[in-house]
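Structure assessment
Chain by chain, the residues run as shown.
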Amino acid sequence: MAQYSRIEVASVMKEQGMVPLFFHSDVELGKKLLKACYDGGGRLLEFTSRGDFAFEVFGELNKYATKELPGMIMGVGSVTDAAAASLYMQLGANFIVTPVLREDIAVVCNRRKVLWSPGCGSLTEIARAEELGCEIVKLFPGGTYGPGFVKGIKGPQPWTSIMPTGGVSPTEDNLKGWFDAGVTCVGMGSNLISKEVIANKDYAGLEKTVRETLDLIKRLRK
Ligand SMILES: O=C[C@H](O)COP(=O)(O)O
């Protein structure tokens, strides 16, 4: 079961300002990516459920993180149904991210007091997610909506915590736009843990980018 309460998870998401995410079916490679993010200062990561053996791979990565990376919070994204959410929680997922708002997933996560973040694309969906107890909503695909959409939502709903995901990149221009608009954190996959990083096994490069991006986010928030 989850090792961190949803309050702890939400607070690390907010503090870190970024949720790195990836999928790979190779456990050993996944451990190296995880370690690079951790050594770069990351303390929370989303493994996306996007391919063969995702359950097994997550189970192994979570065991590794629990044993070798103290304080690392592991969650699962791209979860599309309540059965999968339940299984991932059984494997120790500390949070669940979904591409769409599904009330059955909200129910199973709430029952176990596990933070869930649904992909939303309208103010009506966001409001419904909050009624169901969502703390941080994922704006998906974030790049399609843009920072202007976030600014618009923060007008009538200043309490809403938003995590744009999809098309976010670790550049100053891109992140400044999002944080100036008032996001709580951003989700970052292919522009951070890129195909090139994986193909070249550039773990040192990933560690450096994670460190620099976390520093950049701190600076942008001042
Ligand atoms: O839900 C995850 C997103 O599809 C990741 O998008 P990204 O690779 O553009 O960061």
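Residues numbered from 1 in each chain as written. Predicted model: local features only at pLDDT ≥ 70, side-chain atom pairs only at ≥ 80, totals over all residues. Heavy atoms only, no water.

For the record of the chain, the UniProt heading Subunit (unreviewed entry) holds the text "Homotrimer." (UniProt positions renumbered as here; feature names shortened; annotations may be inferred.)

Details of helix α9 (residues 172-181)
Of the residues making up α9, those classed as buried are Leu175, Trp178, Phe179 and Ala181. Relative to the axis of α9, the buried residues are bounded by an arc of 160 degrees and lie together on one face. Those residues of α9 hidden inside the fold are in contact with β6 (136-139), α7 (142-145), α8 (147-154), β7 (161-164), β8 (186-188) and α11 (203-221). Positive phi shows up at glycine 182, right after α9, with a value of about 105 degrees. (Buried < 20%, exposed > 50% of the residue type's maximum accessible area, 1.4 Å probe, protein only. Helix = DSSP H or I, 4+ residues; strand = E, 2+ residues; numbered from the N terminus. Arc of directions from axis to C-beta. Contact = heavy atoms within 4.5 Å.)

Let's talk about the packing of α8 against α9
Direction vectors running N to C along α8 and α9 enclose 10 degrees, while the axes themselves pass 8 Å from each other. As far as their axial angle goes, α9 and α8 are roughly parallel. Between α8, through Pro147, Val150, Lys151 and Lys154, and α9, the contact on the second element is made entirely by Gly177, Trp178 and Ala181. When the residues that make up the contact of α8 with α9 are grouped by side-chain class, the tally is four nonpolar, one polar and two charged. (Axes fitted to C-alpha atoms, helices over the stretch in contact; angles between N-to-C directions. Parallel < 35°, antiparallel > 145°, perpendicular 65-115°, else oblique. Nonpolar A, V, L, I, M, F, W, Y, C, P; charged D, E, K, R; others polar.)

With respect to the nonpolar core
Ranked by internal contacts, the top residues of the largest apolar core, which has 63 residues, are Leu33, Leu34, Ile96, Leu175, Val186 and Leu206. Of the residues forming this core, the biggest block, seven residues, is contributed by α11. Those residues in contact with leucine 34, other than ones at most four positions away along the chain, are Leu45, Leu61, Tyr64, Ala65, Leu69, Met72 and Met74. Counting 13 residues, the second largest nonpolar core, distinct from the first, contains Val12, Phe95, Leu115 and Met163. (Core = buried A, V, L, I, M, F, W, Y, C linked by side-chain atoms within 4.5 Å.)

Remarks on the layout of surface pockets
Of the voids in this model, the largest pocket is the one considered here, and its volume is about 360 Å³. Lining the largest pocket are 22 residues; nearest its centre among them are Leu21, Arg50, Met188, Gly189 and Ser190. Of all the secondary structure elements, the ones that give two or more residues to the lining of the largest pocket are β1 (18-22), β2 (44-48), β8 and α10 (195-199). In terms of residue class, the lining of the largest pocket is built from eight nonpolar, 10 polar and four charged. (1 Å grid on protein atoms, 1.4 Å probe; cavity = no way out; pocket = protein on both sides within 12 Å on 5 of 7 lines; lining within 4 Å. Points joined across faces, edges and corners; volume = space filled by probe spheres on them.)

Structural notes on the pattern of salt bridges
Within the structure shown, the criterion is met by 11 salt bridges. Note that glutamate 135 and lysine 14 form a salt bridge whose closest N and O atoms lie 3.0 Å from each other. With glutamate 135 in the loop between α6 (123-131) and β6 and lysine 14 in helix α1 (residues 6-16), this pair connects stretches of sequence that are 121 residues apart. Residue lysine 14 is classed as partly exposed on the basis of its relative accessible area, which comes to 30%. Measuring nitrogen to oxygen at the nearest pair gives 2.9 Å for the salt bridge that ties glutamate 207 to arginine 211. Residue glutamate 207 and its partner arginine 211 are both found in helix α11; the two are separated by four residues, about one turn of the helix. Residue classification places glutamate 207 among the partly exposed residues on the basis of a relative accessible area of 23%. Taken together, the shared-partner salt bridges connect Glu103, Arg128 and Glu131 into one network. (Salt bridge = Lys/Arg side-chain N within 4 Å of Asp/Glu carboxyl O.)

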